[in-house]
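Observations on the three-dimensional arrangement
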Amino acid sequence: MRKIEIKTSATCYDSIDALEKEDAFLMNKAIEARAKAYAPYSNFSVGAALLLENGAVVLGNNQENAAYPSGMCAERVAIWKAASEYPTMKVLKLAITASAANATVAKPVGPCGACRQSLLEYEIKQATPFKMLLMGEVGEVIITDSLVSLLPFSFDNTYL
Ligand code: THU
């Protein structure tokens with residue numbers, strides 16, 4: 001028997017104002033995307049902004065549905081939009097922000113498990129880790145250097 005230790009690390013900034021210029025720019029794009037979310041059922045709006053290596057910024061937001069499971073998270077809307085429009089372009093960074101109708105989201109929002117799995121697919125495909133910037137509506141921003149650090153023991157194409 002042996003114990004396996006999984007270590008992960010992230011950097012935490014006090015607010016969007018403490019970010020480097022490009023990161024603050026991308027987070028502001030995610031805020032723009034968040035404002036256009038279609039979230040009439042949860043009233044929880046999420047915005048995502050991807051920066052690609054050609055400089056393109058691809059936005060996404062959550063799209064809900066009266067048949068709840070038919071809706072989609074902001075991160076997957078954004079990554080699939082990027083992957084379908086720019087299939088050979090690497091993702092450098094992904095910024096995420098969320099707000100709720102009835103309260104201020106003051107802690108960073110991490111992508112759900114299904115989004116982590118979907119994002120990981122493209123990180124593996126491009127063979128280059130991409131940076132994740134996580135924020136609520138206000139307050140701290142958490143930055144991770146890769147998707148792998150958010151999803152240990154994951155399933156990937158090496159099993160197939
Ligand atoms: N949501 C996202 O868009 N991204 C996440 O990572 C977590 C949850 C959306 C899905 C749903 O429209 C709403 O937030 C509440 O769960």
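Shown above is the structure to which this text applies.
Report follows, based on the coordinates. (Residues numbered from 1 in each chain as written. Predicted model: local features only at pLDDT ≥ 70, side-chain atom pairs only at ≥ 80, totals over all residues. Heavy atoms only, no water.)

A short note on the sheet that holds strand β3 (residues 57-61)
Reading across from one edge, β1-β6-β5-β4-β2-β3 is the order of the six strands in this open sheet, with mixed pairing throughout. Looking at which strands have only one partner, the edges of the open sheet turn out to be β1 (11-13) and β3. Between one strand and the next, the sheet's axes are offset by a mean angle of 15°, whatever the strand orientation. Here nine bridges tie strand β2 (residues 44-52) to strand β4 (residues 91-100), and the two strands are oriented antiparallel to one another. Counterpart to Ala-48 in the pairing with β4 is Ile-96. Packed on one face of the sheet, helix α1 (residues 21-34) meets β2, β3, β4, β5 (131-135) and β6 (141-144) and runs near 45° to β4. (Pairing = 2+ DSSP bridges. Helix = DSSP H or I, 4+ residues; strand = E, 2+ residues; numbered from the N terminus. Axes fitted to C-alpha atoms, helices over the stretch in contact; angles between N-to-C directions. Contact = heavy atoms within 4.5 Å.)

Focus on helix α3 (residues 113-126)
Spanning 14 residues, α3 covers 20 Å between terminal C-alpha atoms, matching the ideal 20 Å at 1.5 Å per step. Listing the buried residues of α3 in full gives Cys-115, Ser-118, Leu-119, Leu-120, Glu-123 and Gln-126. Those residues of α3 that are buried lie in contact with α2 (74-85), β4 and β5. Ala-127 lies just past α3 and shows a positive phi near 55°. (Expected span 1.5 Å × (residues − 1). Buried < 20%, exposed > 50% of the residue type's maximum accessible area, 1.4 Å probe, protein only.)

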